[in-house]
Amino acid sequence: SDLDIEEAIFLYASILYDGNGLSPNKQEAEESADNGNLISMFYYESMLYIGKDIRKNAKEASRYFEIFANNGNQEAAFVYTAMLSNGIGITADKK
């Protein structure tokens, strides 16, 4: 069976994230995330948050987690809430 475009993007993003035979490509991951691809956003925000193969950047990761959370992803909402509560990459909101 042929892969649909979302499956292909998911597989490519996971290959970039894991580095299976390829060097992780920050620029491609960032461009795809900035173009609104939620799968790429997941991998890119994770790379930024933990510093996997790119410089750790909690502030930038929080921006992507917020966008992904606002698009209905519960895991991203959980991480973004924890970041917001603890001031990781953004000013803490203790409300």
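The structure we're discussing is the one just above.
Quantities reported herein were computed from a predicted structural model and do not represent experimental measurements.

Student: I'd love a proper account of the nonpolar core, names of residues and values included.
Tutor: Tyr-44, Leu-48, Tyr-64 and Phe-65 are the most contacted members of the largest nonpolar core, which totals 16 residues. Listing elements by their share of this core, those giving two or more residues are α2 (26-34), α3 (38-50), α4 (58-70) and α5 (74-86). Among the elements that make up this core, the one with the highest residue count is α4 (six residues). Among all residues touching Leu-48, those that are not within four sequence positions of it are Ile-54, Arg-55, Lys-56, Asn-57, Ala-58, Glu-60, Ala-61 and Tyr-64.

Student: Describe α3, listing the residues and the values that go with them.
Tutor: Relative to the 18 Å expected for 13 residues at 1.5 Å per residue, α3 spans 18 Å between its end C-alpha atoms, a close match to the ideal helical length. Every buried residue belonging to α3 is among Ser-40, Met-41, Tyr-43, Tyr-44, Glu-45, Ser-46, Met-47 and Leu-48, and all of these are buried. Positive backbone phi, approximately 75°, marks Gly-51, located one or two places after α3.

Student: Which residues make up the packing of α3 against α4, and what are the values?
Tutor: For any two helices packed against each other, one specifies the inter-axial angle together with the distance between the axes. Running from amino to carboxyl end, α3 crosses α4 at an angle of 150°, the nearest separation of the two axes being 8 Å. One finds that α3 runs roughly antiparallel with respect to α4. Read as a crossing pair, α3 and α4 show a hand that is left-handed. For the pair α3 and α4, the contacting residues are Leu-38, Met-41, Phe-42, Tyr-44, Glu-45, Leu-48 and Tyr-49 in the first and Ala-58, Glu-60, Ala-61, Tyr-64, Phe-65, Ile-67 and Phe-68 in the second. A class-by-class count of the residues in the contact of α3 with α4 yields twelve nonpolar, no polar and two charged.

Student: Give a detailed account of the packing of aromatic side chains, specifying residues and quantitative values.
Tutor: Counting across every chain of the model gives three aromatic pairs. Pairing Phe-42 with Phe-68 gives two aromatic rings, centres 6.5 Å apart and planes at 50°, and the pair type is tilted. Of this pair, Phe-42 sits in helix α3 while Phe-68 sits in helix α4, placing them 26 residues apart in sequence. The class of Phe-42 is partly exposed, set by a relative accessible area of 38%. On the accessibility criterion, Phe-68 (8% relative accessible area) is buried. Between Tyr-49 and Phe-65 the ring centres are 5.8 Å apart and the planes differ by 85°, which places this aromatic pair in the edge-to-face class. Taken as a pair, Tyr-49 in helix α3 and Phe-65 in helix α4 lie far apart in primary sequence, 16 residues in all. For Phe-65, a relative accessible area of 6% puts it in the buried group. Above the ring of Tyr-64, the side-chain terminus of Arg-63 is found at 4.5 Å from the ring centroid.

Cut-offs used in this document
Residues numbered from 1 in each chain as written. Predicted model: local features only at pLDDT ≥ 70, side-chain atom pairs only at ≥ 80, totals over all residues. Heavy atoms only, no water. Core = buried A, V, L, I, M, F, W, Y, C linked by side-chain atoms within 4.5 Å. Buried < 20%, exposed > 50% of the residue type's maximum accessible area, 1.4 Å probe, protein only. Helix = DSSP H or I, 4+ residues; strand = E, 2+ residues; numbered from the N terminus. Contact = heavy atoms within 4.5 Å. Expected span 1.5 Å × (residues − 1). Axes fitted to C-alpha atoms, helices over the stretch in contact; angles between N-to-C directions. Parallel < 35°, antiparallel > 145°, perpendicular 65-115°, else oblique. Left-handed = near helix turned anticlockwise from the far one by under 90°. Nonpolar A, V, L, I, M, F, W, Y, C, P; charged D, E, K, R; others polar. Phe/Tyr/Trp six-rings, centres within 6.5 Å; stacked < 30°, edge-to-face > 60°. Lys NZ or Arg CZ within 6 Å of the ring centre and 35° of its normal.

This is a description of form; function is not addressed.
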